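Tertiary structure, described
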Amino acid sequence: MAYFGIWALWLMVTIISIHADASAGIQAECLGNRVQFILPGSLSAGSPLELYAVNDTQTVLLTPHLAAQCGYTQKSDPWGNTIVSASLQSCYTETKDDKEFRVAMQFKPYELATESKKVHEVFKFCRHTMTSREILCETNFMEVSVRNAIPEIQTAPVQQLPTVIPNLQLWKILLYTPEEKSFDKETLHAMGYNIQNSPTRLVMRTPYNMVKTFVQKVDGVDMVVFKSMVLFRDRWMMTIVESAAACPINGASVIGQMIYWKVPLLITPVVSLQVEILEVHMGVNGRRLTPEEMESRNYAVTFKESHVVVTIPIGAADGYYKSHILENQYHISYTIEPMLELLWKEGQDKTTYKVLFPITTPLTPWPPQVTHSTQLEQKVFDVMLGYFLPDVELLNITFGSELLVVSDIIIKGIYLQEHSFLNDTKAFALRVPFSEPYVQIKTLRPDVRTYVLDLVFGFVILPEHTAFSHSVVVEASSAEVVIPQVEGSCNEDSFSIYVKYGSTQSSNIKIHLGHLELNNMMLQHYEHHSNETHFEIVVPLLDPVVVFESVQMAGIMGRIDVEIYDSLNNWAIRNFSLACPFFVILSECFPNGTMTVVFPKLDLMPNLIPGELTLRDPSCKPTYSQDYYAYFNFGVTTCGTTRKFVKDTMIYENEVTWKRDVLLPETALTEQDYRFTVSCVYIANATQSMIFHAVSHFKQPYADVEKGDHKVSMRLSKDMVYQLFYLDGDYPVLKFLKQPLYFEVGMDHSRDSKIAVVLENCWATLSKDKDSKPRWNLIVDGCANPKDPEQTMFHPVNTDDRVEIPDHFKRFEVKTFAFKETDESSKSEADTLASRVFVHCEVIICHVEDRHCYKECPTVQNPDGRSSKRVHRSSGFSEEALQRVSIGPILLI
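Residues numbered from 1 in each chain as written. Predicted model: local features only at pLDDT ≥ 70, side-chain atom pairs only at ≥ 80, totals over all residues. Heavy atoms only, no water.

Once that is clear, we can look at the overall build of the protein. Helix and strand counts for the protein come out as six helices and 68 strands. Looking at the 893 residues of the protein, the share that counts as buried comes to 49%. The long-range share in the protein, meaning contacts at least 24 apart out of those at least 6 apart in sequence, stands at 63%. For the protein, the accessible surface area stands at approximately 44,700 Å², while carbon and sulfur atoms represent 52% of it. (Helix = DSSP H or I, 4+ residues; strand = E, 2+ residues; numbered from the N terminus. Buried < 20%, exposed > 50% of the residue type's maximum accessible area, 1.4 Å probe, protein only. Contact = heavy atoms within 4.5 Å. Areas by Shrake-Rupley, 256 points an atom, 1.4 Å probe, with all protein chains shown as cover.)

Have a look at this one:
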């Protein structure tokens, strides 16, 4: 029968001296029952490394199979570092009393393996106190270590028996697959398994996908099971030690932008009765995280009815993005390796269960974008192709029919440059003179010459060396009259269009954005700059001139079409389209069971009328709509919304549908009966945490408010309750002209009750530049704009669990139609255009007893029915005392 000793608290102590090759930058770290080495990429210079295990008697080359058999794991990260980890009970670990361990390794660059000066040797001392049983699920092997002790014999003499019978020898191993089969130790070693025994421990280890393992489903999760019974005997007695390991091979899912990984609480292949869970820990990349670290990274561990669930946001810093090619199209994925540690008690014995489980999200298309900025005056093509992850390298470019590797391109004097960006992506810029032989010349008219450049970029994804290509065709026309050129780029929430008039007089140039022709009245609604030679305009994403090609879970693919023509000669000069993905939240799920959906009109459905869209219940029509979008606001228990339970989540689904009563012959079948599914996912049985603050009733000593630095900030509330606010990552925020905006300006970290926050002036602009035009005044000299006082309303601030000192905060509401044109004589089609606004405020921190802190404003009726005249202001203070805060962008449609 199996016997597991009494649990001693898990203690992991690192010897003060870290024995590593410090000059080479090798890091070594003890991680519980594992040790990990990190080798910087500079050691291998891109070459593969040979991995050797070292002890006091031998140095052994670890092949991938031997590494898994003996308890070693090797992998690389996207930055070229090599990460090697080993079980403290690996084959070549030197141990003392199964409590102190020395793990030594050698690393050699593959092609220089015979040069001793290139060999890096590193070792690490670790101390670890083991439980009765320890199960380790590594990425390439599974291991179980049990206490190899003999229980007390009731008929024994009174004196103390030895813990272990020294004459017992390992006789036979029974494996269950699940059928029982007998082996000796040497046979199992030859088959690729590993069996180690010491006076106190028995270790069984197997790589995954071995013949004598089997898959068993445990509470919906598939687990690989390795189960054995080891028989020890001597001349007079026999003892049996049972060992079993079970490791999950699935259980991860991706919902929206979150990863959910579930592991059964009761792993039946390794326990025979209900267990008591004592500890649960989460880690990443082999390292255990503290609760504070988990909270800062938005990780969570929750208990469901029969599972423990780990939640990880996609894009968390502990993981990384990776490039892939699918059907010669560029895709990306996200990978992270979480770790889960369980400590449970079964009878008098305790078990440590550790799982390292790499998770990779499904592939997401990420098509490269081409920016064509040809310089006609210099007769040079200027092309930029992006954006790629750091693991993509450019190998060659085919110019027409001539293939040139990167080094040859540079030798020929052609400009080729790699550009890196702050979001960890990169692009490749290429400049090719028109005079190069592979530039084709086409004559379209006697006065127009068109230059055509056919390019095929050849790339490789490292370290797999997966090759792929991307074709680009760029054209440029030149004549005695230099024709206008159009360039464009995509910002966070807008398009930037840049037009160079060339030699054509600007007065003859007409520009169409989508279906509208720009005129002076329309330009008043856009951020733009122009002179005699250039014209630049910023178009918000949700402007009616923008068409939407597709709607995806992460956002929308928007496109703007620009047409330039010569009104004098009635010539179509240039057509330009710019399409970009925008990560804008189109649907939101609120804790109160409300769903909101913005459905833009898609370019592929020209006959769709947004106002005719409905939910499953045909009576549920848009809350409001315009020609280019529909907005729904409904509860999850209304409008035909269905609910279903999927594992530990509740999914509410509805459909935005459109049916034409009269079918048009030219209408596509998919357009005649259109359906678009929207859903909200709620975590079932989730526990929400609340934080309470105790506020002292004792007054603090008086502080000199003229000294110190009190920082203020401005936030946008989701509603008039001022409890839920938009975070920095939520911008751009989408709002509608019928929805008010609720702002809060205040200090979060001061406890000085003698100071107050004062709003001097607040205004809105179309750009981040607070001094740009046009400008909408919201608060002037501490009061609502006297020219339109009903558009801005102040809200009182009361003490609650978040606000201790009301004078530290100011709240005001702005009706968004304040940003609309109000002059009836100037109204036009442009009045329906969407705006991208930024809100700015000038703030003063003053002493509450200062007479300059207050002013009488005209009486304003608050939403609660009360009138208020007294508001803070800062007249009498210097310009240097002003603090300026801004927020945005806010998209208004």
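Right, let's talk about the packing of aromatic side chains for a bit. All told, the structure shown has 22 aromatic pairs when counted by the stated rule. Taking the centre distance of 5.6 Å and the plane angle of 10° together, the rings of Y193 and F226 count as stacked. Within this pair, whereas Y193 is found in the loop between helix 2 (185-191) and strand 15 (194-197), its partner F226 is found in strand 18 (residues 221-233), the two being separated by 33 residues in sequence. Residue Y193 is classed as buried on the basis of its relative accessible area of 1%. (Phe/Tyr/Trp six-rings, centres within 6.5 Å; stacked < 30°, edge-to-face > 60°.)

Its place among the elements puts S87 in strand 7 (residues 82-87). For S87 and G71, which are 16 residues apart along the polypeptide, the C-alpha to C-alpha distance reads 5.4 Å. Leave out the neighbours within four places in its chain, and S87 touches N33, G71, T93, L136, F141, E143 and R205.

It is worth spelling out unusual backbone geometry at this point. For residues that are not glycine, phi is negative in most cases, and the peptide bond is trans in most cases. A cis geometry characterises the amide bond from G386 onward to Y387, with omega recorded as 5°. Residues G888 and P889 are joined by a peptide bond in cis, for which omega reads 0°. Structurally, P889 is set in strand 68 (residues 883-892). Although it is not a glycine, N285 adopts a positive phi angle of roughly 55°. Inspection of the secondary structure puts N285 in the loop between strand 22 (276-284) and strand 23 (287-288). One non-glycine residue, C639, lies in positive phi territory at about 60°. Within the element layout of this structure, C639 appears in the loop between strand 53 (629-635) and strand 54 (642-646).

Among the nonpolar cores identified, the biggest contains 57 residues, and W261, V270, Y299, I312, I336, W344 and Y353 are the most heavily contacted of them. Examining the composition of this core, we find that seven residues originate from one element, strand 18, more than from any other. Discounting residues that sit within four places of it in the chain, I312 has contacts with Q257, M258, I259, M282, Y299, I336 and P338. Listed in part, the 44 residues of the second largest apolar core include M522, V539, V584 and L891. (Core = buried A, V, L, I, M, F, W, Y, C linked by side-chain atoms within 4.5 Å.)

Moving on, we get to the state of the cysteines. Applying the stated criterion to the full structure yields seven disulfides. Here C620 pairs with C639 through a disulfide, and the sulfurs are 2.1 Å apart. Judged by the torsion about the S-S bond (-85°), the C620/C639 disulfide is left-handed. Within this pair, whereas C620 is found in the loop between strand 51 (594-600) and strand 52 (624-626), its partner C639 is found in the loop between strand 53 and strand 54, the two being separated by 19 residues in sequence. Each member of the pair, C620 as well as C639, is classed as buried. (Disulfide = S-S within 2.5 Å.)

Right, let's get into the side chain of S496. Checked against the element boundaries, S496 lands in strand 42 (residues 494-500). Polar side-chain contacts of S496 include one of 2.7 Å to the side chain of N491. With residues near it in sequence (within four places) discarded, S496 still touches E487, G488, S489, N491, I537 and V538. (Polar contact = N/O pair within 3.5 Å; in protein donor to acceptor, adjacent residues only side chain to side chain.)

What follows covers the side chain of T594. Its place among the elements puts T594 in strand 51. Here T594 falls in the buried class, since its relative accessible area comes to 18%. Once you skip the residues sitting within four places of it in the chain, T594 turns out to touch E588, C589, N633, F634, G635 and Y682.

Picture the strands of a sheet paired through backbone hydrogen bonds; they go either parallel or antiparallel. Spatially, four strands are ordered 50-51-53-52 in an open sheet, and the strand pairing comes out antiparallel. The open sheet has two edge strands, strand 50 (587-589) and strand 52, and neither has a second partner. Here the strands of the sheet are splayed against their neighbours by 10° on average, with no regard to which way each runs. In the sheet, strand 51 pairs with strand 53 via seven bridges, with the strands oriented antiparallel. (Pairing = 2+ DSSP bridges. Axes fitted to C-alpha atoms, helices over the stretch in contact; angles between N-to-C directions.)

This part is about the environment of L541. As for its placement among the helices and strands, L541 is situated in the loop between strand 46 (534-540) and strand 47 (546-552). It is 8.6 Å that separates the C-alpha atoms of L541 and R836, two residues lying 295 residues apart in sequence. With residues near it in sequence (within four places) discarded, L541 still touches D493, S494, F495, V546, F548, I556, F582 and V584.

What follows deals with the pattern of salt bridges. Taken as a whole and judged by the stated rule, the model has 26 salt bridges. Its salt-bridge partner being R133, residue E346 comes within 3.7 Å of it at the nearest N-O pair. On the criterion of sequence distance, the pair formed by E346 in strand 28 (residues 338-346) and R133 in strand 11 (residues 133-137) is long-range, its members being 213 residues apart. Look at E346 and you get buried, because its relative accessible area is 15%. Residues E653 and K644 are paired through a salt bridge, measuring 4.0 Å at the closest nitrogen-oxygen approach. Relative accessible area serves as the criterion here: at 42%, K644 is assigned to the partly exposed category. (Salt bridge = Lys/Arg side-chain N within 4 Å of Asp/Glu carboxyl O.)

Taken in spatial order, the four strands of this open sheet run 41-42-46-45, and their pairing is antiparallel. Two strands close off the open sheet at either side, each with one partner strand: strand 41 (485-490) and strand 45 (527-530). Ignoring strand direction, the axes of neighbouring strands in this sheet form an average angle of 15°. Pairing of strand 41 with strand 42 involves six bridges; the strand directions are antiparallel.

Burial within strand 43 (residues 509-513) is extensive, with four of its five residues counted as buried. Sheet topology note: the strand 43/strand 44 (residues 516-517) ladder contains two bridges and is antiparallel. Note that in strand 44 the partner of L513 across the bridge is L516. With antiparallel pairing between neighbouring strands as the criterion, strand 43 and strand 44 make up a hairpin whose turn holds two residues, including G514 at a positive phi of roughly 60°.

For the rest of this paragraph, the subject is the pairing of strand 4 (residues 49-54). Burial within strand 4 is extensive, with six of its six residues counted as buried. On strand 4, burial covers both faces: L49, L51 and A53 on one face and E50, Y52 and V54 on the other are all buried. Looking at chain direction, strand 4 and strand 9 (residues 100-109) are connected through six bridges and run antiparallel. Bridge assignment links A53 to a residue of strand 9, and that residue is M105.

Quick look at the environment of V803 now. If you trace the backbone, V803 turns up in the loop between strand 63 (792-795) and strand 64 (809-815). Note: C-alpha distance between V803 and G746 (57 residues apart in sequence) is 10.0 Å. Once residues lying within four places of it in the same chain are set aside, the contact partners of V803 are V797, N798, F809 and R811.

A separate point is the confidence of the model for the protein. Per-residue pLDDT for the protein averages 81, and the proportion of residues at 70 or more is 82%. When the criterion is pLDDT under 50, residues 1-23 qualifies, and its contacts beyond four places in sequence or with other chains add up to 65 contacts. Confidence drops under a pLDDT of 50 for residues 863-875, and excluding neighbours within four residues, the segment shows 53 contacts in the predicted structure. (pLDDT = per-residue confidence, 0-100.)

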